[in-house]
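# Notes for the structure review
Listed here are the chains, written in short residue letters.
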Amino acid sequence: MYETLKRFEKKYAHLKKLGLRFNGLGFADARKKVHVIQVSRPFMFDSRLIPKSFEGMAVKSKILGDLPEEFNIDRQKEDWQKTEFVWSPERFELFVDRCSIEIKQKLNNPEMSREEMLSALCFGNFEEHKTKCEKLIKEGKIPAFSNS
């Protein structure tokens, strides 16, 4: 496992200059002892550059640092999880619509389309994320987005 981690770090070392941090190994399931490679990235990072898995191990990415205003939620409110979902697709859309110029500059890609920016910021595939969220809303597992 540690050799796999070393190969991963070597292969993706170029992403460090973009803000990627290698956090080592972790558990996806501690009882079954299923290991994952853990990384952290800034919010404004092209997450499509991070593989979902590497040599049979899942890669789990966490966002490090502050989130844009579209993602700010009052977590002091009791039961905030019942009324707010921080990773709502609409939040990504609002952010991209407000900051597309800044996103293109930060990701060093002036030709990015809106769809590319959404996927870059939204875990690699915006439409997949949106479809999954719609399903979870229908099942009552996450709240629908409310812009109030």
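Below, the structure is looked at part by part. (Residues numbered from 1 in each chain as written. Predicted model: local features only at pLDDT ≥ 70, side-chain atom pairs only at ≥ 80, totals over all residues. Heavy atoms only, no water.)

Here the focus is the environment of Met-117. Within the secondary structure, Met-117 is located in helix H3 (residues 114-121). Placed 72 residues apart in sequence, Met-117 and Phe-45 show a C-alpha to C-alpha distance of 9.8 Å. Look past the residues within four positions of Met-117 in its chain and what remains in contact with it is Val-96, Ser-100, Ile-103, Lys-104 and Met-112. (Helix = DSSP H or I, 4+ residues; strand = E, 2+ residues; numbered from the N terminus. Contact = heavy atoms within 4.5 Å.)

The subject of this paragraph is the packing of aromatic side chains. For the structure on display, the rule yields 12 aromatic pairs. Each ring, one from Trp-87 and one from Phe-123, has its centre 5.6 Å from the other, and the planes form 85°; the classification is edge-to-face. Taken together, the residues span a long stretch of sequence, with Trp-87 in the loop between strand E4 (57-64) and helix H2 (89-106) and Phe-123 in the loop between H3 and helix H4 (126-138) at a distance of 36 residues. Residue Phe-123 is classed as partly exposed on the basis of its relative accessible area, which comes to 30%. Through pairs of rings, three or more aromatic residues link up here, namely Phe-43, Phe-71, Trp-87, Phe-92, Phe-95 and Phe-123. (Phe/Tyr/Trp six-rings, centres within 6.5 Å; stacked < 30°, edge-to-face > 60°. Buried < 20%, exposed > 50% of the residue type's maximum accessible area, 1.4 Å probe, protein only.)

As a further point, take a negative patch on the surface. On the surface, Glu-90, Glu-115, Glu-116, Glu-127 and Glu-134 cluster together into a patch of negative charge. Structurally, Glu-90 is set in helix H2. For Glu-90, a relative accessible area of 31% gives the class partly exposed. (Patch = residues over 30% accessible without salt bridge, like charges linked within 9 Å, V, L, I, M, F, W, Y side chains within 5 Å. Areas by Shrake-Rupley, 256 points an atom, 1.4 Å probe, with all protein chains shown as cover. Salt bridge = Lys/Arg side-chain N within 4 Å of Asp/Glu carboxyl O. Lys, Arg positive; Asp, Glu negative; His and termini not counted. Charge placed at Lys NZ, Arg CZ, Asp CG, Glu CD.)

To continue, consider H2. With 18 residues, H2 ought to run about 26 Å at 1.5 Å a step, yet its terminal C-alpha atoms sit only 21 Å apart, falling short of that. The principal kink in H2, of about 85°, is found at Cys-99. Those residues of H2 that fall on the buried side of the exposure criterion are Pro-89, Arg-91, Phe-92, Glu-93, Phe-95, Val-96, Cys-99 and Ile-103. Structurally, H2 contributes buried residues whose contacts are with H3 and H4. Immediately beyond the C-terminal end of H2, within one or two residues, lies Asn-108, with a positive phi of roughly 55°. (Expected span 1.5 Å × (residues − 1). Bend = angle between axes of the 7 residues up to and from the residue.)

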